[in-house]
Amino acid sequence: MRSLQFSVPLLPTSRFKRHSVRCASDRQQLFNRIAPVYDNLNDLLSLGQHRIWKRMAVSWSGAKTGDSLLDLCCGSGDLTFLMSEKAGADGKVIGLDFSKEQLSIASSRQYLLSKACYNNIEWVEGDALDLPFSNGYFDAITMGYGLRNVVDKRRAMQEMFRVLKPGSRVSILDFNKSMQPFTALFQEWMIDNVVVPTATVYGLAKEYQYLKTSIDEFLTGKELEKLALDAGFSYARHYEIGGGLMGNLVAAR
Ligand SMILES: C/C(=C\Cc1cc(O)c2ccccc2c1O)CCC[C@H](C)CCC[C@H](C)CCCC(C)C
Ligand SMILES: C[S@@+](CC[C@H](N)C(=O)[O-])C[C@H]1O[C@@H](n2cnc3c(N)ncnc32)[C@H](O)[C@@H]1O
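Quick summary incoming for the structure in this document. (Residues numbered from 1 in each chain as written. Chains lettered and ligands numbered in written order. Predicted model: local features only at pLDDT ≥ 70, side-chain atom pairs only at ≥ 80, totals over all residues. Heavy atoms only, no water.)

### Side note on the site of ligand 1
Logical step 1: The environment of ligand 1 is formed by 20 residues, the closest being Y38, N42, R148, N149 and Y208.
Logical step 2: A distance of 2.6 Å is found between an oxygen atom of ligand 1 and a side-chain nitrogen or oxygen belonging to R148.
Logical step 3: A total of 780 Å² of accessible area belongs to ligand 1 in isolation, and the protein chains cover 86% of it.
Logical step 4: When atoms are counted within 2 Å of each cavity's grid points, the one that captures over half of ligand 1 is the largest pocket.
Logical step 5: Only helix 2 (25–45), helix 7 (181–201) and helix 8 (205–216) provide two or more residues apiece to the shell around ligand 1.
Logical step 6: No other element matches helix 2, which puts six residues into the shell around ligand 1.
Logical step 7: Along the lines of polarity and charge, the residues of the shell around ligand 1 split into 13 nonpolar, five polar and two charged. (Near = heavy atom within 4 Å. Polar contact = N/O pair within 3.5 Å; in protein donor to acceptor, adjacent residues only side chain to side chain. Areas by Shrake-Rupley, 256 points an atom, 1.4 Å probe, with all protein chains shown as cover. 1 Å grid on protein atoms, 1.4 Å probe; cavity = no way out; pocket = protein on both sides within 12 Å on 5 of 7 lines; lining within 4 Å. Sits in = over half its atoms within 2 Å of the grid points. Helix = DSSP H or I, 4+ residues; strand = E, 2+ residues; numbered from the N terminus. Nonpolar A, V, L, I, M, F, W, Y, C, P; charged D, E, K, R; others polar.)

Given below as structure tokens:
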């Protein structure tokens, strides 16, 4: 899975195997199962809007040419590819995920899309709760639809803080747990009446029903800002996007 164009100081990967995987293994299996349809369903269900939200997330990360960048919970790589375009040939990008199936799709997309700058990408199978990187290594981090899915959000935020350089930013895109009753009801209605019925066609009803539970159990924008400040970030601001259905937390170390 790892490409060998450049070498990032990875800590021994056995750390990944020792921690968190077992308790997170249901989620890992869920993301392995949905991998074959994940990209198509995102385009269909969001009417392509997720591509705009992802561009916004990358722009908020402050990533620039020559940077060392990290895309956490990269899945099939949408944000990693956008980060790769920002970093350019002199930069490097790591896409990290714990789902082998998602990483395998990401890696084949890298090959099929065959843009020269994508040579700066390395795919790493690993745990967002126990990052195999040294302190203060990255110039910017993105995480798209990942924080809601990790079993320990506080730990994930602490790990992002640890591997970021002082002054650098993390940009975290996810569903917004809205405080507006109409937005929250509309979001729930969309999942019950559009998302789950569509996923049912592919035999993935349960996997997409999980979306609703995970949003219920997620944090509001204000709570996310507090989580980041508690983890040590000096600045944190949550923006509602996509008509309030989505949110993006920007935090600076
Ligand atoms: C981007 C989408 C889903 C990502 C996604 C995230 C997860 O954590 C999952 C977990 C388990 C299974 C699947 C996923 C998963 O696919 C698609 C989002 C679609 C929205 C629910 C609906 C968007 C509605 C509108 C078309 C947007 C209108 C915006 C307008 C500006 C008001
Ligand atoms: C909804 S997908 C998002 C994929 C991609 N970032 C995007 O925006 O389309 C969530 C991803 O988080 C990954 N994930 C969840 N918990 C993780 C963890 N503890 N460590 C690494 N990856 C994790 C899953 O395997 C899955 O690929």
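Now, onward.
### Focus on the site of ligand 2
Logical step 1: Close contacts around ligand 2 come from 17 residues, with Y38, C73, D97, A128 and G144 the closest.
Logical step 2: Here Y38 contributes a side-chain N or O atom positioned 2.8 Å from an oxygen atom of ligand 2.
Logical step 3: Residue K54 places a side-chain N or O atom 3.0 Å away from an oxygen atom belonging to ligand 2.
Logical step 4: Classifying every residue of the shell around ligand 2 by side-chain character gives eight nonpolar, six polar and three charged.

### Looking at the sheet that holds strand 5 (residues 164–175)
Logical step 1: Judged by pairing direction, the sheet is mixed, and its seven strands sit side by side in the order 3-2-1-4-5-7-6 without closing on themselves. Each having just a single partner strand, strand 3 (121–125) and strand 6 (235–241) make up the two edges of the open sheet. Across the sheet, the mean angle from the axis of one strand to that of its neighbour is 15°, orientation sign disregarded.
Logical step 2: As paired strands, strand 1 (residues 68–72) and strand 4 (residues 138–144) are joined by four bridges and run parallel to one another. (Pairing = 2+ DSSP bridges. Axes fitted to C-alpha atoms, helices over the stretch in contact; angles between N-to-C directions.)

### Considering the layout of surface pockets
Logical step 1: Approximately 930 Å³ is the volume found for the largest pocket.
Logical step 2: If you trace the largest pocket, you find 50 residues lining it, with Y38, N42, Y145, R148 and F175 closest to the centre.
Logical step 3: No other element matches helix 2, which puts seven residues into the lining of the largest pocket.
Logical step 4: Split by residue class, the lining of the largest pocket holds 28 nonpolar, 15 polar and seven charged.
Logical step 5: Around the second largest pocket sit R51, K54, R55, D78, F81, L82, E85, R109, L113, K115 and Y118, which together line it.
Logical step 6: Taken together, the elements giving at least two residues each to the lining of the second largest pocket come down to helix 3 (49–61), helix 4 (78–87) and helix 5 (100–113).
Logical step 7: At four residues, the largest contribution of residues to the lining of the second largest pocket is made by helix 4. (Points joined across faces, edges and corners; volume = space filled by probe spheres on them.)

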